[in-house]
Structure formats: C-alpha cells, structure tokens
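Examination of the molecular architecture
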Amino acid sequence: MSQEIEIGLGKKGRLAYSLDDISIVPSRRTRDSGDVSTAWQVDAYEFDVPVIAAPMDSVTSPATAIAMGKLGGLGVLDLEGMWTRYEDPQPVFDRIAALPADEATSAIQRAYAEPIKPELITMRLHEIRDAGVTVAGALSPQRTQQFYSTVVDAGVDLFVIRGTVVSAEHVSNTHEPLNLKRFIYDLDVPVIVGGAANYTAALHLMRTGAAGVLVGFGGGAVSATRTTIGVEAPMATAIADVAEARRDYMDESGGRYVQVIADGGMGTSGSFVKAFALGADAVMLGAPLARATEAPGKGMHWGAEARHQTLPRGYRTNVGTVGTLEEILYGPSHQADGTTNFIGALRRAMASTGYVDLKSFQRCGVAVNAHRGV
C-alpha cells in the first residue's frame, strides 16, 4: 500500500524512494558468480547483457552502437542527433566539448538547428546493419510521424520512441497527436516507448502493444528537468510501480510480457544493480558509457534535453573518461567507485543473493535505508 504524507493542510503527497534510498539484502543462499546468467531478450532479439546504450549523441555513434552489439549489448542511435544532421559531425562535437560551461548550451542549440536529413538516417542505420549487429534507432514522439517510414525502410530491428514524458493519451489543440496504439499495431518492428514514471502511465503504454517501456526521464547526469519544470521521478519507486503494471498487464493480456527498462539516474554500478532488484529487465545507460574512451563526446556529456530551442532542460557536463567500453561493461576495474565493470557488479550481486538469472533476481530482498526515510 502506498503511503501518503501531509505536505500542508491543502496537499498530500505520496512517499517515494530514489535508488540511493534502497539497499539489496543478501538471502540464505549464495552462488558462484560464474554460474549466473545476465542474458536478456526483447521480442526475438537476444543479448548477453541487459545494457542499452542511450540514444544520446555524446554516448552513441554508429561506431559505438556497433561496439555495443559486439560486446553483447544494444546501442540505440539518436535519429534526431548530429549523426543525422551532419555528414561529418566531428568538428561540431569538438566545438561543443571545447567551450566553457556558460557557452555550451547556446552552442548546442545552434548545432541542433541544422535540419535532419532523411538520407543520413538511412546511411547511419545501414552502417550499423552492415556490421552484423542488432539495429536500433530512436525518435521523439514529435518526430516519429515525420521520419518513421524512413527508419523502417532503412531496416531498423528495434524502434525506440523516447521523450521526457510519453503518454498514450497526448492531447493537442494544434495538431493530430501520435496514436501510439495504431502506430505500433501497423508497424512491423518491436517498439520500446517511454518515459513513464508511474503504474497508470506504464499500463496505458503497455496496452498500446509496446514491446518495452522505458521507466524514468533519461539523462540523469545532464538533466535539469527538476530545476526547470519541477518534474522528477524517484527511480526506485518508479521501477517498482512499472514492474507491478507489467505483472497486472500479463494477467489482463493473457500472458504478454512487456520489458521494463530503467532509464536515467544510474551513474554507478550499484544503482544499476538495484534497478534489476526492483523489477527492471534491462537498463538504458548514458553517463556511464559517456565515460568510455570510444564515446563521441570524449568525456563531455549532454542529451536531447539540452537542445530545445526555447526551454532547454539539460546541460553539457564533464563526466571524464575512465576506460574502454569493454572495461566499463566487463572490467577489469581498478577503482572502487562503481564506474567500471557493471556486469561484474551485477553478477556478484546476483551470486551474493543466490539468484541464477535476471527474472529471479527481481524477487531479491531490499531494504529502505533508515537514515534516508521520513
């Protein structure tokens, strides 16, 4: 049962928890870490690890999407990003990275004022497909109707519709909104959609036929959503809520399982692991992968939130570089700061709690840290 607290005489609010508020509790059984499986599957596509590289220009290029695929994960290219606006975006990356912080946002806005070119969408997706890995691309709900046919014709395997908040019931007085249910039904590829931050919103997205639902708003390390528009989703509660929506939707639909994908606010391996313990099937990572030597941002990190022309809700930040993409995923780690060997951390946590696969690990015990409570 959810707990409401009184904010003042005229307002109550639900008590919600962030990932920092939660700890994983070991059980009576343990296992060898080599005996656990981190395999994950969405629709017909199978992956060795439940990691999705976020569709952010500072994280995922065609080259890093290919590298992620070869390392057993999934890279999602931002099809509204610089790779689809510029034939050679490297000079733009270099310029954004070199600017002082107080000039970076306006430079990002100018860079993304360049129109998206459909032929570049096709070229980038073909480049990923030619490497023999799963092809995934992302559009915002606002751009989906404009470019989805180009994306599908280019041969995308998984289609991601990602925004700060995506609902199945968007209302507009100025244009015909995207009808997610009809769109997903007509599309011939699996669709992952989000973000959602509560039970009801997630359940409605599941009813559209989505193969996966993104939980959270993404862009945790570079998001200013809380400071600009006052919106925030405490991730521990959000993931647990959406996992419950998945369970109820399975009953409602006669057994259809929708993947729950945590998105944002998992900058360290500890937070990453806790997302699975709370019910996630996979995690979309931004900042942790922006720290890779191969990352396009070269240690500078920003997301789609920073490029809005009138109300940017994000910024560029320096996350630094800690190792190769392989080291961030699989180690070896040389610092105990949770920035490398994410999969090793997940395996160790699963072994310490005695669970052999991700779905069973979702049942592990957790505790609320008392000093963070009410």
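As shown above, the structure is provided for reference.
Notes on the structure follow. Just so you know, these numbers come straight off a predicted model, no measurement behind them.

Focus on unusual backbone geometry
Of note, the amide linkage connecting Gly194 to Gly195 takes the cis form, showing an omega dihedral of 20°. Following the sequence through the fold, Gly195 ends up in strand E10 (residues 191–196). Residue Pro332 is bonded to the preceding Gly331 through a cis peptide linkage, with omega at 5°. Considering the arrangement of structural elements, one finds Pro332 in the loop between helix H12 (325–330) and helix H13 (342–353). For Asp43, which is not glycine, the phi dihedral falls at a positive 55°.

What to know about the pairing of strand E12 (residues 259–263)
Regular strands have side chains that alternate between both faces of the sheet. Taken across its 5 residues, E12 has 5 buried, putting it largely inside the fold. Pairing geometry for strand E11 (residues 212–215) and E12, over 4 bridges, is parallel. Residue pairing in the sheet places Leu214 in a bridge with Ile261 of E12. Handedness of the β-α-β unit built from E12, helix H10 (residues 269–277) and strand E13 (residues 282–285) comes out right-handed.

Examining the nonpolar core
Ranked by internal contacts, the top residues of the largest apolar core, which has 110 residues, are Met82, Phe159, Met206, Ile239, Phe272, Leu289 and Phe361. Ranked by residue count, the leading element in this core is helix H9 (residues 235–253), at 7 residues. Residues within four places of Met206 in sequence aside, it is in contact with Val213, Val242, Ala245, Arg246, Tyr249, Arg256, Val258 and Val260.

Basis of the calculations
- Residues numbered from 1 in each chain as written.
- Predicted model: local features only at pLDDT ≥ 70, side-chain atom pairs only at ≥ 80, totals over all residues.
- Heavy atoms only, no water.
- Helix = DSSP H or I, 4+ residues; strand = E, 2+ residues; numbered from the N terminus.
- Buried < 20%, exposed > 50% of the residue type's maximum accessible area, 1.4 Å probe, protein only.
- Pairing = 2+ DSSP bridges.
- Right-handed = clockwise from strand over helix to strand, strands pointing away.
- Core = buried A, V, L, I, M, F, W, Y, C linked by side-chain atoms within 4.5 Å.
- Contact = heavy atoms within 4.5 Å.

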